[in-house]
Amino acid sequence: MPAHHALVLNLHQPPGNLEHLLAHATWEAKEILFALDRMPRSLWGQEDLARVHLSLSGTLLETLSSPDFQERVYGIVDCGKLLWHLQNTEIFDILGTGYYHPVLPLIPPADRPEHLRRWQALARHLFWRDAFQGFWPPEMGFSMELIPLLKQFGYRYVLVDSAHVEPVQPMSWPELRYRPHIARCDGEEIIVVVRDRELSDAQESGMELDWFLAEVAERTRWCDFEPLVTTATDGENGGWFRNITEGANYWSAFYLPLLARVREGAADIRPSFIGDYLDKHGAHGEVHVATGAWNTGWHSGRGFTQWTGSDAQKRMLARYADVSARLRTMVQQGAAAAPDDPGLLAVLEEARWRLLRAETSCNLFWGEAWVERAAADLDAADTAVADAERHLPGPAQTGAASRSL
């Protein structure tokens, strides 16, 4: 009985990061661009077996599709061709995510739909499709309250980390980890697909093919069903994915040899799309997913300590809530008093995208080193809200004032 392998790669660069690296750390920028370009180039001609799920943040897609950026890096990577090749549905399945890559459970609930809406709008345009089956929560930050939102946006399944999955009915360890399940919240349900944390850790840092095959065989030996083994990591970070030497990176040292073994009948594993697996095998059993994220460095992912541990991070989270609430109030007042005022609509949009960009997970992940980036966007959002007040008839309604962390 073969094991099905779902390979998932998360691809994200913070707003302006690639542009900054090109100017100040050119080789690092090239490594990232080469890593992105290497994916389709490595898999040309492998359509019979290669199956890769990609989550690309809206900020990364925005950069890659920018004509100015494309012109700037032409000669390093042809971004237009890269995006074109990622449309190959025989090899790549594109997962939905949040536009500015926020840790969704940490930002105000009212802001979450706009992250999803903006990502879908851009991804539909770039990848020429109307629907996306799977959802990748940025940083794998998930809470059960997200289920109705994901269903609202048409998602069939969501990726969650194995450390947080708890069975509602009795399940064996292999069942819990290597079968998709159902999770329910507020009358809605979604399929959860479980990332194997230990195998994913190995994928991130470099692993030998024989070890991987033996480990998968051992972990699934007691399965009386066809197991789905899901490994998920970043796809452009770390030396294993960035290494430009043939035979020394993920694709040439591991994935292409894996496909060769499968093609020869020498590996009892099948690269698979999650959607295809669900069509054939479905989901079994109900689970509860504890609130948390994936593991990064020495962080376990529990309690979101990567993003909430310092006083500066906590103050920033409080500012998200404050600016979001005042913006919602101003939107409501604007809709009632001046719904067709183009100046008002422009400043409200300025405030909205500044707030959303401030919520980028990286602004908090790097502790106090990057919080000033969020603060700058929130200051700009505050200014835009104040400008919006001046477009309303009568006295100012919110008393918004520019403030900084």
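Residues numbered from 1 in each chain as written. Predicted model: local features only at pLDDT ≥ 70, side-chain atom pairs only at ≥ 80, totals over all residues. Heavy atoms only, no water.

Student: It is not clear to me how the confidence of the model for the chain should be interpreted in this structure. Could you clarify?
Tutor: Should the pLDDT be low somewhere, the predicted coordinates at that spot are not to be read in detail. Of all residues in the chain, 97% have pLDDT values of 70 or greater, and the mean over the chain is 94. The low-confidence segment residues 396-405, where pLDDT is below 50, has 31 contacts with residues more than four positions distant or belonging to other chains. (pLDDT = per-residue confidence, 0-100. Contact = heavy atoms within 4.5 Å.)

Student: Help me understand the pairing of strand E5 (residues 157-161), please; the structure alone is not making it clear to me.
Tutor: Each regular strand carries side chains that alternate between the two faces of the sheet. Among the 5 residues that make up E5, 5 are buried, leaving the element largely enclosed by the rest of the structure. Alternating residues of E5 divide into Tyr157, Leu159 and Asp161 and Val158 and Val160, and every residue in both groups is buried. Two strands pair when backbone bridges link them, and strand E4 (residues 134-135) and E5 are joined in this way by 2 bridges, in the parallel orientation. By the bridge assignment for E5, Phe135 is matched with Val158. Read from E4 through helix H7 (residues 147-152) to E5, the crossover connection turns out right-handed. Note: E5 against strand E8 (residues 188-195), 5 bridges, orientation parallel. (Buried < 20%, exposed > 50% of the residue type's maximum accessible area, 1.4 Å probe, protein only. Helix = DSSP H or I, 4+ residues; strand = E, 2+ residues; numbered from the N terminus. Pairing = 2+ DSSP bridges. Right-handed = clockwise from strand over helix to strand, strands pointing away.)

Student: Mind showing me how you'd approach the packing of helix H2 (residues 26-43) against helix H12 (residues 250-264) here?
Tutor: In a packed pair of helices, the relevant descriptors are the angle between the two axes and the axis-to-axis distance. Packing of H2 against H12 brings their axes to within 11 Å, and their N-to-C directions diverge by 30°. Classified by the angle between their axes, H2 and H12 sit roughly parallel to one another. As for the relative orientation of H2 and H12, their crossing is right-handed in sense. Across from Arg38, Met39, Ser42 and Leu43 in H2, the residues of H12 making contact are Trp251, Tyr255, Leu256 and Leu259. When the residues that make up the contact of H2 with H12 are grouped by side-chain class, the tally is 6 nonpolar, 1 polar and 1 charged. (Axes fitted to C-alpha atoms, helices over the stretch in contact; angles between N-to-C directions. Parallel < 35°, antiparallel > 145°, perpendicular 65-115°, else oblique. Left-handed = near helix turned anticlockwise from the far one by under 90°. Nonpolar A, V, L, I, M, F, W, Y, C, P; charged D, E, K, R; others polar.)

Student: Please clarify how the packing of helix H15 (residues 311-337) against helix H16 (residues 342-358) should be interpreted in this entry.
Tutor: Contact geometry of H15 with H16 gives a least axis separation of 11 Å together with a crossing angle of 160°. As the angle between them shows, H15 and H16 are arranged roughly antiparallel. The interaxial crossing formed by H15 with H16 has left-handed handedness. Mapping the contact onto sequence places Tyr320, Val323, Ser324, Leu327, Met330, Val331 and Gly334 in H15 and Leu344, Leu348, Ala351, Arg352, Leu355 and Ala358 in H16. Its residues placed into classes, the contact of H15 with H16 shows 10 nonpolar, 2 polar and 1 charged.

Student: Would you mind showing me how to read helix H1 (residues 17-24) here?
Tutor: Helical geometry note: an α-helix holds 3.6 residues per turn, so side chains three or four residues apart project in the same direction. Listing the buried residues of H1 in full gives Asn17, Leu18, Leu21 and Leu22. Buried residues of H1 fall within an arc of 140° about the axis and therefore sit on the same side. For H1, the elements touching its buried residues are H2, helix H3 (58-64) and helix H4 (67-73). (Arc of directions from axis to C-beta.)

Student: Help me out: how do you make sense of the packing of aromatic side chains in this one?
Tutor: Aromatic ring pairs are described here by two measures, namely the spacing of the ring centres and the angle between the planes. Applying the stated rule across the entire model yields 17 aromatic pairs. Between the aromatic rings of Trp240 and Tyr250, the centroid separation amounts to 6.2 Å while the plane-to-plane angle is 90°, which identifies the pairing as edge-to-face. Highlighted residues: Trp240 in helix H11 (residues 239-242) and Tyr250 in helix H12, separated in sequence by 10 residues. With respect to burial, Trp240 and Tyr250 carry one shared label: buried. With a centroid separation of 5.0 Å and an interplanar angle of 85°, the aromatic rings of Phe365 and Trp366 are classed as edge-to-face. The partly exposed category is assigned to Phe365, whose relative accessible area is 24%. Grouping aromatic residues by their ring pairs yields a cluster made of Phe212, Trp240, Phe241, Tyr250, Trp251, Phe254 and Tyr255. In this structure, Arg179 packs its charged tip against the face of Phe225, placed 4.2 Å from the ring centre. (Phe/Tyr/Trp six-rings, centres within 6.5 Å; stacked < 30°, edge-to-face > 60°. Lys NZ or Arg CZ within 6 Å of the ring centre and 35° of its normal.)

Student: Just to check I follow, could you spell out the state of the cysteines for this structure?
Tutor: Two cysteines joined by a covalent bond between their sulfur atoms form a disulfide. Applying the stated criterion across every chain yields a total of 0 disulfides. In this model Cys79 remains outside any disulfide bridge; the closest cysteine sulfur is found in Cys362, 19 Å from its own. (Disulfide = S-S within 2.5 Å.)

Student: What's the story with the nonpolar core in this structure? I'm lost.
Tutor: Side chains of a nonpolar character, in soluble globular proteins, are inclined to be buried together. Judged by nonpolar contacts, the single largest core of 85 residues is most densely connected at Leu54, Trp251 and Tyr255. The dominant element in this core, judged by the number of residues it contributes, is H12, at 7 residues. With residues near it in sequence (within four places) discarded, Tyr255 still touches Leu7, Leu43, Ala50, Arg51, Val52, Tyr250 and Pro271. (Core = buried A, V, L, I, M, F, W, Y, C linked by side-chain atoms within 4.5 Å.)

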